[in-house]
Amino acid sequence: MKFQSLPLVERKRDGEALAAQEIDDLVAAYVAGDVPDYQMAAFLMAVTIRGMSFDETAALTGAMLHSGRTVEISARRPLVDKHSTGGVGDKTSLVAVPLLAALGFCVPKLSGRGLGHTGGTLDKLESIPGLRTSLDAAEFATLVSRYGLAIAAQSEDIVPADRLLYALRDATGTVASLPLIASSIMSKKLAVSSRLILLDVKVGSGAFFPDEASAAEFARLAIRIGETFGRDTRALLTRMDAPLGQAVGNALEVREAVACLRGKGPQDLREVAVALAVEALHAVYGLARDEAGRRAAEALESGGAYEIFRRWIPSQGGDITYLEQPDRWPEAAAVGTFTAGTDGYVSRIGARAVGEAARLAGAGRLRKEDSVDAAAGVEILAPLGTPVRSGQDLLRVHAASPEQLAAALRRLDASVEISDEPPRAKDAVICAFDKHGRREER
Ligand code: URA
């Protein structure tokens, strides 16, 4: 007889806590193809609405982790991993991973695709022609040992449960759930033998955690899961009310990340990438944060981190000429702008609206089987605080078709606020949580 998942769906719907063995069996049966998508989607929705206890969340993490093999990497340098809970314009990994490698760490990173209105590192990387993110465990480990970094997708042999559940959640409105996000992220991080796991927990309208309280709850939950599995896990809470940087959309974001790796690029992106590097240098080598900050800034300014990036991209098949000759990138089929209705200062750029507009333009998926358009997205022409005049272009939308352009521009209505006074500038990093889940100011 096939595995009976319906009773588990119904019990979760009614708010019951499931036993670890039941969660294990459900995940194993789903990965084996014995649970139909519609029942798993119903289970995910029940979890999204009802939540899970800590024991259930840890069991789900373990079940997902053990759905595949774990990757042991032998490297002479300390292994550090970083993961974001998801944001709009969040290309931090493209900067932070080579930066960490330039600072003497090895970074084996399993990433995800776009989820909901947020972008995914894999989609961004795959906008570089030729670049492959489907690596088997052996190739992944070899690349990390040889180049100091690799970014790969979940696969049939590494956390296959997350590969399947991630795509299903994206298409069923079941992304924004604390236990589902925690188990998805931590199963990927625990699958690789990293000594330190750094989480970038995004807070704000463009994140899955709208306020500091829910983000802090997530950070403590993920850190506790890390502790349960014997891993040093730490978190930064960073702002996501406005998009990070000025580019949202896959190829647009790669170009902005390259600018940052060359010592330019937007200040907020640089601040988050440097803050993550500082945490790693402090946690692993005990370096004072000021000194760590100087070393990280120097690795960006000297071009050291960019050199690592240039060597790494071809190791995964990517064509490096696109990084050096931006004119080679294909243009989107339809381009249009969103303009200011009044004079003043840009005081709000709604990250969720911009993320949803980018998805409608073709940068993300609305169905599991959709493909993304590498060139689609939104450029922010007037960042927060810019003085603007009525009629001035604020956002430029790059869309896969004229219909998608029109839908994206409609979604941007009311996404930008213009005020008489400039807004107060805020640091991108709010605070940190140490490996015991204790809050620390930054
Ligand atoms: N990143 C992940 O890997 N999973 C989530 O659920 C959210 C962000």
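For the structure itself, look to the data block above.
Residues numbered from 1 in each chain as written. Predicted model: local features only at pLDDT ≥ 70, side-chain atom pairs only at ≥ 80, totals over all residues. Heavy atoms only, no water.

### Brief notes about the overall build of the protein
Broken down by element type, the protein carries 17 helices and 14 strands. The C-alpha radius of gyration computed for the protein amounts to 21 Å, which stays within 12% of the reference 22 Å derived for 442 residues, consistent with globular compactness. Across its three principal axes, the protein shows a C-alpha extent of roughly 65 × 45 × 40 Å. Within the protein, contacts between residues at least 6 apart in sequence are counted, and of these 77% link residues at least 24 apart. (Helix = DSSP H or I, 4+ residues; strand = E, 2+ residues; numbered from the N terminus. Rg over C-alpha atoms; globule rule 2.2 N^0.38 Å. Contact = heavy atoms within 4.5 Å.)

### Structural notes on the pairing of strand E3 (residues 149-153)
Of all the 5 residues making up E3, 5 are buried; the element is thus mostly covered by neighbouring parts of the structure. Residues of E3 alternate between two faces, with Leu 149, Ile 151 and Ala 153 on one and Ala 150 and Ala 152 on the opposite face, all of them buried. Inspection of the sheet shows strand E2 (residues 107-111) paired to E3 by 5 bridges, in the parallel sense. Bridged to Lys 109 within E3 is Ile 151. (Buried < 20%, exposed > 50% of the residue type's maximum accessible area, 1.4 Å probe, protein only. Pairing = 2+ DSSP bridges.)

### Some remarks on the site of the ligand
Around the ligand, a shell composed of His 83, Ser 84, Thr 85, Leu 115, Tyr 166, Arg 169, Ile 181, Ser 184, Ile 185 and Lys 188 is seen. In this structure, a nitrogen atom belonging to the ligand sits 2.7 Å away from a side-chain N or O atom of Ser 184. For the ligand, an oxygen atom lies 2.5 Å from a polar atom in the side chain of Lys 188. Relative to its free-state accessible area of 230 Å², the ligand is covered by the protein chains to the extent of 97%. When atom positions are compared with the pocket grids, the ligand is found to occupy the largest cavity. If you list the elements that add at least two residues to the shell around the ligand, you get strand E1 (80-84), helix H8 (160-170) and helix H9 (178-190). A total of 4 residues in the shell around the ligand trace back to one element, the largest contributor, which is H9. (Near = heavy atom within 4 Å. Polar contact = N/O pair within 3.5 Å; in protein donor to acceptor, adjacent residues only side chain to side chain. Areas by Shrake-Rupley, 256 points an atom, 1.4 Å probe, with all protein chains shown as cover. 1 Å grid on protein atoms, 1.4 Å probe; cavity = no way out; pocket = protein on both sides within 12 Å on 5 of 7 lines; lining within 4 Å. Sits in = over half its atoms within 2 Å of the grid points.)

### Quick notes on helix H16 (residues 351-363)
Across its 13 residues, H16 extends only 15 Å between first and last C-alpha, which sits more than 12% below the 18 Å expected from 1.5 Å per residue. Counting buried positions along H16 yields 10 of 13 residues, so the element is predominantly enclosed. (Expected span 1.5 Å × (residues − 1).)

### Looking at the layout of surface pockets
As a volume, the largest pocket reaches approximately 770 Å³. What lines the largest pocket is a set of 25 residues, and nearest its centre among them are Arg 239, Ala 242, Asp 268, Leu 384 and Lys 426. Across the lining of the largest pocket, the residue classes tally to 12 nonpolar, 5 polar and 8 charged. The residue makeup of the lining of the largest pocket includes at least three contributed by each of domain 2 (80-323 + 428-441) and domain 3 (330-419). (Points joined across faces, edges and corners; volume = space filled by probe spheres on them. Nonpolar A, V, L, I, M, F, W, Y, C, P; charged D, E, K, R; others polar. Domains from an automatic or database assignment.)

### Comments concerning the pairing of E1
Taking burial as the measure, the 5 residues of E1 include 5 buried ones, the bulk of the element. Burial of E1 is two-sided: the residues Val 80, Lys 82 and Ser 84 facing one way and the residues Asp 81 and His 83 facing the other way are all buried. Across 5 bridges, the pairing between E1 and strand E4 (residues 196-203) is parallel. Directly across from His 83, in E4, lies its bridge partner Leu 199.

### What about the packing of aromatic side chains?
Per the counting criterion, the structure on display carries 5 aromatic pairs. Ring centres of Phe 309 and Trp 312 lie 5.6 Å apart, and the angle between their planes is 75°; on these two criteria the pair is classed as edge-to-face. With Phe 309 and Trp 312 both in helix H14 (residues 304-315) and 3 residues apart, this pair spans about one turn of that helix. Both residues of the pair, Phe 309 and Trp 312, count as buried. Relative to Trp 329, the ring of Tyr 322 lies with its centre 5.5 Å away and its plane at 75°, an arrangement referred to as edge-to-face. Trp 329 shares its class with Tyr 322; the two are buried. Taken together, the aromatic side chains of Tyr 306, Phe 309 and Trp 312 make up a single cluster linked through ring pairs. Seen from the ring of Phe 54, Arg 224 lies directly overhead, with NZ or CZ sitting 3.6 Å from the centre. Lying over the aromatic face of Tyr 322, Arg 328 brings its terminal NZ or CZ to 4.5 Å of the ring centre. (Phe/Tyr/Trp six-rings, centres within 6.5 Å; stacked < 30°, edge-to-face > 60°. Lys NZ or Arg CZ within 6 Å of the ring centre and 35° of its normal.)

### Overview of the nonpolar core
If you look at the biggest cluster of nonpolar residues, it comprises 85 residues, and the most contacted ones within it are Leu 99, Ile 313, Leu 323 and Leu 394. For this core, the leading source of residues is helix H12 (residues 267-285), giving 11 residues. Two domains each provide a minimum of three residues to this core, namely domain 2 (80-323 + 428-441) and domain 3 (330-419). Aside from chain neighbours lying at most four places away, what touches Leu 99 is Ala 273, Val 274, Ala 277, Ala 296, Ala 299, Leu 300 and Ala 305. Among the nonpolar cores identified, the runner-up in size contains 47 residues, and Phe 54, Val 159, Val 192 and Phe 218 belong to it. (Core = buried A, V, L, I, M, F, W, Y, C linked by side-chain atoms within 4.5 Å.)

### Here's the deal with the sheet that holds E1
The strand order E1-E4-E5-E13-E14 describes an open sheet built from 5 strands, whose pairing is mixed. At either end of the open sheet lies a strand with only one pairing partner, and these are E1 and strand E14 (439-441). Neighbour-to-neighbour, the strand axes of this sheet turn through a mean angle of 25°, independent of strand direction. Pairing between E4 and strand E5 (residues 232-239): 8 bridges, direction parallel. (Axes fitted to C-alpha atoms, helices over the stretch in contact; angles between N-to-C directions.)

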